[in-house]
Amino acid sequence: MNILLLGSGGREHALAWKLAQSPRLGALFAAPGNPGIADHATLVDLDATDHAAVVDFCRAYAIGLAVIGPEAPLVDGLADTLRAAGIPAFGPGKAAAQLEGSKGFTKDLCARANIPTAGYVRAATKADALAALEGFSIPVVIKADGLAAGKGVIIAMTREEALAALDEMFSGTFGSAGEEVVIEEFLTGEEASFFALTDGSAILPFGSAQDHKRVGDGDTGPNTGGMGAYSPARVLTPELEAEVMATIIRPTVDTMAADGVPYSGVLYAGLMLTPDGPKLIEYNARFGDPECQVLMSRFDGDLADLLLAVAQGRLADQGPVSLADRTALTIVMAANGYPGTPEKGGAIANIAAAESGGAKVFQAGTAIKDGVLVANGGRVLNVTASGESVAQAQAAAYAAVDAIDFPTGFCRRDIGWREVAREAQ
């Protein structure tokens, strides 16, 4: 089977790495891919927004499965176009992808399906938002309704910060994503992420992870797309996972189907483990980044076979997902300036040395310039290692980080700190 993978980040490098291990794989193509993905796939110059060109390529190269990595092509309806052309596609259609594409859509679904989540108000104008803000205590969460590359969520610790956040949203900083906002009550507890595959009816759990969103050690500084993650998140116990499936995932899948917009793909539930039980913070309509890197490091099955079963509506025929008991941990090496304007062009060396001890370096924002690997984005490398504990995986990952020569890059030095502290007790 020939497969087309769409995307160019660390998530897609991890997917390419795992898809390339499938015994049923014929040829793997990636569009546009990156230098790391090129180790596993033939890179193709395709624009995911040009649906006709993607369909033509799939037909010309007998693509049996298209895997859509990022959220933007999903929200743009690429999966619908592919399926209409008879090409199996992994990922939700445009209407179902609103679970990520519109925070307000998801909150309204939660209200209808009685899914536990934070109290909220949607506001389409600044005046409405200011009026709604009066009904919330501080801290308060301000979210851009649409896609904002993981940066459209502001936790305001003071009333002044909340007002500044609304000014930023409605001033156009986030483009069309900020034309509407969602104001939410601030939930207390520990965050964790839960993943499940679904074809619109059957559901298979696909593990847990804990991300680290803020740019600085100790969870300080602005939010980012993610500075590192580990899996499994043991704070999400088997009992809590069962509760999440029963109160959040299953009602979501059933409600979407009943509404005539069945969801097919991976559901990534960002959760807050509150004193009252797990509550949904938000959904992503694709594998997380960098969560995908640690999930793929633990996944022991045939990814191509599993994703095709989702795309063809045969998930009920699949057995449970096989995830290794070991911990996987990934550290994001970002370019100086991130999450603001990143410094591009910095040379990167010694990846082979970093991988010599068993780590895997997934490339994200990289390019080849004059034969040299260089930084070409904000989040540049995802250095991933495994261990029998989070502490062991952390030590192995940071040893690999320290072997890499990337002078214009930086990383957090405390990824996995909560679980490391729990393990030491």
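The structure under discussion appears in the preceding block.
So, here is what we can say about the structure in this document.

1. Concerning helix α6 (residues 103-113)
The periodicity of an α-helix, 3.6 residues per turn, causes residues three or four places apart in sequence to face the same way. Every buried residue of α6 is accounted for by Lys103, Gly104, Phe105, Thr106, Lys107, Leu109 and Cys110. Where α6 is buried, its residues contact α5 (98-101), β6 (120-123), β7 (140-144), β9 (181-185), α9 (238-258) and β16 (277-284). Asn114 sits one or two residues past α6 and shows a positive phi near 60°.

2. Side note on the side chain of Glu184
Along the chain, Glu184 falls in strand β9. Using a relative accessible area of 4% as the deciding quantity, one classes Glu184 as buried. At 3.4 Å, the side chain of Glu184 forms a polar contact with the side chain of Lys107. The contact partners of Glu184, leaving out residues within four places of it in the chain, are Lys107, Ala118, Gly119, Tyr120, Phe136, Val140, Val141, Lys143 and Ile281.

3. What to know about the nonpolar core
Counting residues in each nonpolar core, the largest one holds 47 residues, and the members touching the most others are Leu4, Leu82, Ile249 and Leu271. Ignoring sequence-local partners within four residues, the contact set of Leu4 consists of Phe29, Ala30, Ala31, Leu46, Val54, Phe57, Cys58, Ile63, Leu65, Ala66 and Val67. In terms of nonpolar packing, the next biggest core, distinct from the first, is built from 42 residues, Ile37, Phe287, Ala304 and Val310 among them.

4. A few points about the sheet that holds β9
Spatially, the four strands line up as an open sheet ordered β6-β9-β7-β8, and their pairing is antiparallel. Each edge of the open sheet carries a strand with a single partner, namely β6 and β8 (153-156). Averaged over all pairs of adjacent strands, the angle between strand axes in this sheet comes to 20°, irrespective of strand direction. As judged from the four bridges shared by β6 and β9, these two strands associate in the antiparallel manner. For Val121, the partnering residue across the bridge sits in β9 and is Ile183. The strands touched by α6 are β6, β7 and β9; relative to β6, the strand with the most contacts, the crossing angle is about 140°.

5. Concerning the state of the cysteines
With the rule as written, the count across this model stands at zero disulfides. Looking at the unpaired Cys58, the closest cysteine sulfur is the one in Cys292, lying at 20 Å.

6. Section: the environment of Val401
By the element assignment, Val401 lies in helix α13 (residues 390-403). In the structure, Val401 is positioned 70 residues away from Ile331 in sequence and 7.9 Å away in space, judged by C-alpha atoms. Residues contacting Val401, with those up to four places away along its chain left out, are Ile331, Met333, Val383, Cys411 and Arg413.

7. Description of unusual backbone geometry
Cis geometry is found at the peptide bond from Ile138 to Pro139, where omega equals 0°. Along the chain, Pro139 turns up in the loop between α7 (126-133) and β7. A positive phi is found at Asn350, a non-glycine position, where the angle reads about 75°. Within the secondary structure, Asn350 is located in the loop between β17 (327-335) and α12 (351-355).

8. Overview of empty space enclosed by the protein
Going through the model one piece at a time under the given rule, you end up with two cavities of 30 Å³ or more. Reported here for the largest cavity is a volume of approximately 60 Å³. The wall of the largest cavity is formed by 13 residues, among which Ile68, Phe90, Val266, Arg286 and Phe287 lie closest to the centre. Considering only residue class, the lining of the largest cavity consists of 10 nonpolar, two polar and one charged. The computed volume of the second largest cavity comes to approximately 50 Å³. Around the second largest cavity, the lining residues are Leu99, Lys103, Thr106, Lys107, Lys143, Glu184, Ile281, Glu282 and Tyr283. Sorting the residues of the lining of the second largest cavity by element identifies α6 and β16 as the ones contributing at least two each. Taken together, the residues that form the lining of the second largest cavity break down as three nonpolar, one polar and five charged.

9. A closer look at the packing of helix α1 (residues 10-19) against helix α11 (residues 303-311)
Contact geometry for α1 and α11: axes closest at 8 Å, N-to-C directions at 110°. Our classification of the angle between α1 and α11 gives roughly perpendicular. Only Leu303, Ala304 and Leu307 of α11 make contact with α1, whose side of the interface consists of Leu15, Lys18 and Leu19. A breakdown of the residues in the contact of α1 with α11 according to their chemical character gives five nonpolar, no polar and one charged.

10. What to know about the packing of α6 against α9
At a minimum axis distance of 10 Å, the contact between α6 and α9 shows a crossing angle of 100°. One finds that α6 runs roughly perpendicular with respect to α9. Side by side, α6 and α9 meet where Phe105, Leu109, Arg112 and Ala113 of the first sit next to Pro251, Thr252, Thr255 and Met256 of the second.

The rules behind the values
- Residues numbered from 1 in each chain as written.
- Predicted model: local features only at pLDDT ≥ 70, side-chain atom pairs only at ≥ 80, totals over all residues.
- Heavy atoms only, no water.
- Buried < 20%, exposed > 50% of the residue type's maximum accessible area, 1.4 Å probe, protein only.
- Helix = DSSP H or I, 4+ residues; strand = E, 2+ residues; numbered from the N terminus.
- Contact = heavy atoms within 4.5 Å.
- Polar contact = N/O pair within 3.5 Å; in protein donor to acceptor, adjacent residues only side chain to side chain.
- Core = buried A, V, L, I, M, F, W, Y, C linked by side-chain atoms within 4.5 Å.
- Pairing = 2+ DSSP bridges.
- Axes fitted to C-alpha atoms, helices over the stretch in contact; angles between N-to-C directions.
- Disulfide = S-S within 2.5 Å.
- 1 Å grid on protein atoms, 1.4 Å probe; cavity = no way out; pocket = protein on both sides within 12 Å on 5 of 7 lines; lining within 4 Å.
- Points joined across faces, edges and corners; volume = space filled by probe spheres on them.
- Nonpolar A, V, L, I, M, F, W, Y, C, P; charged D, E, K, R; others polar.
- Parallel < 35°, antiparallel > 145°, perpendicular 65-115°, else oblique.

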